[in-house]
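One-letter residues, chain by chain:
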Amino acid sequence: MEAWRCVRRGYGRCVVGRGRYPMFPHHPRSLGGDWTTPWENLQRCCWSRHISSCMRWPGHYSRAPYPYFSSRHFSLKWRPPCVFASGTQFPYCNWIPDHLNQTALIHLSSYVMNSEGDEPSSKRRKRQGMIKRNWEYVCDHNKENAKILGEENVDPRCEDSENKFDFSVMSYNILSQDLLEDNSHLYRHCRRPVLHWSFRFPNILKEIKHFDADVLCLQEVQEDHYGKEIRPSLESLGYHCEYKMRTGRKPDGCAICFKHSKFSLLSVNPVEFYRRDIPLLDRDNIGLVLLLQPKMPCAASPAICVANTHLLYNPRRGDIKLTQLAMLLAEISSVAHQRDGSFCPIVMCGDFNSVPGSPLYSFIKEGRLNYEGLAIGKVSGQEQSSRGQRILSIPIWPPNLGISQNCVYEVQQVPKVETSDGDLTQTQLEKTEVLVTAEKLSSSLQHHFSLSSVYSHYFPDTGIPEVTTCHSRSAITVDYIFYSAEKEDVAGHPGAVALAGGLKLLARLSLLTEEDLWTVNGLPNENNSSDHLPLLAKFRLEL
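As recorded in an unreviewed UniProt entry, the protein chain goes by Protein angel homolog 2 isoform X1 and comes from Octodon degus.

J.: I'd like to hear about the environment of Ser 393, residue by residue, with values.
T.: Tracing the backbone shows Ser 393 in the loop between strand E17 (368-370) and helix H8 (426-440). Look at Ser 393 and you get partly exposed, because its relative accessible area is 39%. Remark: the alpha-carbon pair of Ser 393 and Ala 375, spanning 18 residues in sequence, is separated by 9.4 Å.

J.: Go over the pairing of strand E12 (residues 252-259), please, and point to the residues and values.
T.: For E12, the buried fraction is high: 8 of the 8 residues fall into the buried class. Pairing of strand E10 (residues 215-222) with E12, which is carried by 6 bridges, proceeds in the antiparallel orientation. Residue pairing across strands places Gln 222 opposite Asp 252, the latter belonging to E12. Where strand E11 (residues 239-245) and E12 come together, 7 bridges link them in antiparallel fashion. Following the sheet pairing, Glu 242 is matched in E12 by Ile 256. Where E11 hands over to E12, the hairpin turn is made up of 6 residues, of which Gly 248 adopts a positive phi near 70°.

J.: Kindly report on the packing of helix H6 (residues 318-336) against helix H7 (residues 359-366), identifying the contributing residues and their values.
T.: At their nearest, the axes of H6 and H7 sit 11 Å apart, and the two run at 20° to each other. Between H6 and H7, the angle is such that the two are roughly parallel. Crossing angle aside, the handedness with which H6 passes H7 is right-handed. Contacts between H6 and H7 pair Lys 321, Leu 322, Leu 325 and Leu 329 from the former with Leu 360, Phe 363 and Ile 364 from the latter. For the contact of H6 with H7, a count of residues per class yields 6 nonpolar, no polar and 1 charged.

J.: Just give me the short version of the pattern of salt bridges, but keep the residues and values in it.
T.: Applying the stated criterion across every chain, the model contains 12 salt bridges. Residue Asp 319 is joined to Arg 317 by a salt bridge in which the shortest nitrogen-to-oxygen separation is 3.0 Å. With relative accessibility at 5%, the residue Asp 319 sits in the buried group. Taking the shortest distance from any N to any O, the salt bridge between Asp 319 and Arg 390 comes out at 3.5 Å. Of this pair, Asp 319 sits in helix H6 while Arg 390 sits in the loop between E17 and H8, and the two are 71 residues apart along the sequence.

J.: Requested: an account of unusual backbone geometry, with residues and values cited.
T.: At the junction of Ile 394 and Pro 395, the peptide bond is cis and its omega measures out at -5° in the coordinates. Here Pro 395 is to be found in the loop between E17 and H8. At the junction of Leu 523 and Pro 524, the peptide bond is cis and its omega measures out at -10° in the coordinates. Positive phi values are uncommon outside glycine, yet Leu 175 reaches one of about 65°. The residue Leu 175 is located in the loop between strand E9 (164-173) and helix H3 (177-182) in this model. Its relative accessible area of 2% is what places Leu 175 among the buried residues. In the Ramachandran plot, His 457 falls in the positive-phi region, its phi being about 75° despite a non-glycine side chain. Relative to the assigned elements, His 457 resides in the loop between strand E19 (451-453) and strand E20 (469-470).

J.: An account of the layout of surface pockets is requested, with residue identities and associated values reported.
T.: Volume-wise, the largest pocket comes out at about 900 Å³. Surrounding the largest pocket, 35 residues form its lining, Asn 183, Leu 186, Glu 220, Tyr 313 and Asn 353 being those nearest its centre. The dominant element in the lining of the largest pocket, judged by the number of residues it contributes, is H3, at 4 residues. A per-class count over the lining of the largest pocket returns 12 nonpolar, 12 polar and 11 charged.

J.: Describe in detail the nonpolar core, supporting the description with residues and values.
T.: Grouped together as the largest cluster of nonpolar side chains are 60 residues, with contacts concentrated most on Phe 167, Val 215, Leu 216, Leu 234 and Phe 539. For this core, the leading source of residues is helix H4 (residues 197-211), giving 6 residues. Residues in contact with Phe 167, not counting those within four places in the same chain, are Asp 214, Lys 262, Phe 263, Ile 304, Val 347, Leu 503, Ala 537, Lys 538 and Phe 539. In terms of nonpolar packing, the next biggest core, distinct from the first, is built from 48 residues, Phe 273, Leu 280, Leu 291 and Ile 320 among them.

J.: Mind laying out the sheet that holds strand E14 (residues 286-294), listing which residues take part and the relevant values?
T.: Strand order in the open sheet made by the 6 strands is E13-E14-E15-E16-E22-E19, with mixed pairing throughout. What marks the edges here is a single partner per strand, and that holds for strand E13 (263-272) and E19. Direction aside, neighbouring strands of the sheet carry axes that sit 20° apart on average. The pairing of E19 with strand E22 (residues 479-484) spans 3 bridges and is antiparallel. When the bridges of E22 are listed, Leu 451 appears paired with Ser 484.

J.: Hey, could you go over the packing of aromatic side chains for me, with residue numbers and the actual values?
T.: Each pair of aromatic rings is reported with the distance of its centres and the angle of its planes. Scanning the model with the defined rule gives 13 aromatic pairs in all. Between the aromatic rings of Phe 167 and Phe 263, the centroid separation amounts to 5.8 Å while the plane-to-plane angle is 85°, which identifies the pairing as edge-to-face. Taken together, the positions of Phe 167 in strand E9 and Phe 263 in strand E13 put the pair 96 residues apart, joining distant regions of the chain. Looking at Phe 167, the relative accessible area reads 3%, which means it is buried. For Phe 263, a relative accessible area of 2% corresponds to the buried category. Their ring planes at 25° and their centres at 5.4 Å tell us that Trp 197 and Phe 201 sit as a pair that is stacked. Residue Trp 197 and its partner Phe 201 are located together in helix H4, separated by 4 residues, close to a single helical turn. Each of the two residues, Trp 197 as well as Phe 201, counts as buried. Grouping aromatic residues by their ring pairs yields a cluster made of Phe 165, Phe 167, Phe 263, Tyr 483 and Phe 539.

Here is what the cut-offs are and how they apply
- Residues numbered from 1 in each chain as written.
- Predicted model: local features only at pLDDT ≥ 70, side-chain atom pairs only at ≥ 80, totals over all residues.
- Heavy atoms only, no water.
- Helix = DSSP H or I, 4+ residues; strand = E, 2+ residues; numbered from the N terminus.
- Buried < 20%, exposed > 50% of the residue type's maximum accessible area, 1.4 Å probe, protein only.
- Pairing = 2+ DSSP bridges.
- Axes fitted to C-alpha atoms, helices over the stretch in contact; angles between N-to-C directions.
- Parallel < 35°, antiparallel > 145°, perpendicular 65-115°, else oblique.
- Left-handed = near helix turned anticlockwise from the far one by under 90°.
- Contact = heavy atoms within 4.5 Å.
- Nonpolar A, V, L, I, M, F, W, Y, C, P; charged D, E, K, R; others polar.
- Salt bridge = Lys/Arg side-chain N within 4 Å of Asp/Glu carboxyl O.
- 1 Å grid on protein atoms, 1.4 Å probe; cavity = no way out; pocket = protein on both sides within 12 Å on 5 of 7 lines; lining within 4 Å.
- Points joined across faces, edges and corners; volume = space filled by probe spheres on them.
- Core = buried A, V, L, I, M, F, W, Y, C linked by side-chain atoms within 4.5 Å.
- Phe/Tyr/Trp six-rings, centres within 6.5 Å; stacked < 30°, edge-to-face > 60°.

Structure, rendered in structure tokens:
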């Protein structure tokens, strides 16, 4: 087993068993989920060592966790001249199999077993197929007692009526090709062809066409692919597209696309989380906030604020995640605020890199978070290790960010009470300064939106978690669609602001379990070309 680990990692053991040295003069090439190395390298460096028991002979399971010869280099009927016992040295150090030339490649599988008798991992390549996702109709606005109907049997209460505007929203992390290739270790379970962009994009576009959402919130949209393929394709389907690329050298970003037939654009508001003058905010994540006007010929309607973001991944930097979220909420507050003091309905989508029940998730849903004594590695709930246990500072972000603990721009928080000469009195200025200073020293974060999650995150019958992303390392929920609740729900929410109209959840596209996804070899696969599932919800705007 130790010998195989040496082959997989590209080094060999010294004769005395101490120290390591490179086995191959060149690093093995990645082949989707596997590796290749020239035959002469393996012949020269391996035959005289104790790895003969790890040889993969043709005719066995193609994903076995040990090296094997690719059948395209010699006949499948070929067999080695003799069988060697485990632990013995290979005596034919100059021998080459039939039909295998000096420039041929040896295929090294990427899987590792704990012992020679173990079966391959449960995440090995499995049968390919498609898992059906059903629509769950929730017209009674009670997700716990949701009425599950077939897609063809729509509840009559979900039909359009006067003074109501129905629309659908999709949130989808489509997996940037550059990020896929930079993190190839996450996709070792995948066949190589399904990882090519030329294969993936038609599948992604087919999904978008099939679900036909009125609003698309896409993450990890690679800039060159957006300009050449994604935007032209979506425009041909009747979408207007807005895009914000990540700052720095990051090649991807977020896009919000909406149907011309359903909305008109009022404003576009990109949010950059990188700030040159604030050391805490040294990451290149971004957000995008649009203000859309529904096209309702029968009645005037309020605008709808749609936000899309992809927060920092790093599980040990909860301080950055919370600050990025506060910046997004501040922009939403600014965009959604109306002249009469109310706020228009809000839909907030994205990859928040946080799991259900985590402090960050709870803050979004409950509108309040006391972070005193909270470790930065616990904010997102992505991992429970002892790493990243530095306690969050109070306040989390510096005053020059210009955002209060209520997640609004501080300029808007200054009471502009005018005197006869148009200036603030000295007493008023002093009171304002004291209030802002006291607020910044508080360990409590707040926002005044009543936000609900489209999904419940657990299957009610079994309690098994839903997952939105699944690859070789993990299968969890990190993607969400949050929306502002209806008027009657806002009234009972402490500190909630008034809404001009409210959103009612009509339906959602069901999610899957980790076990479901591994029956089709996880993500990406032949039918699902991202490592995330698309989230989809149908809403009604009631006036």
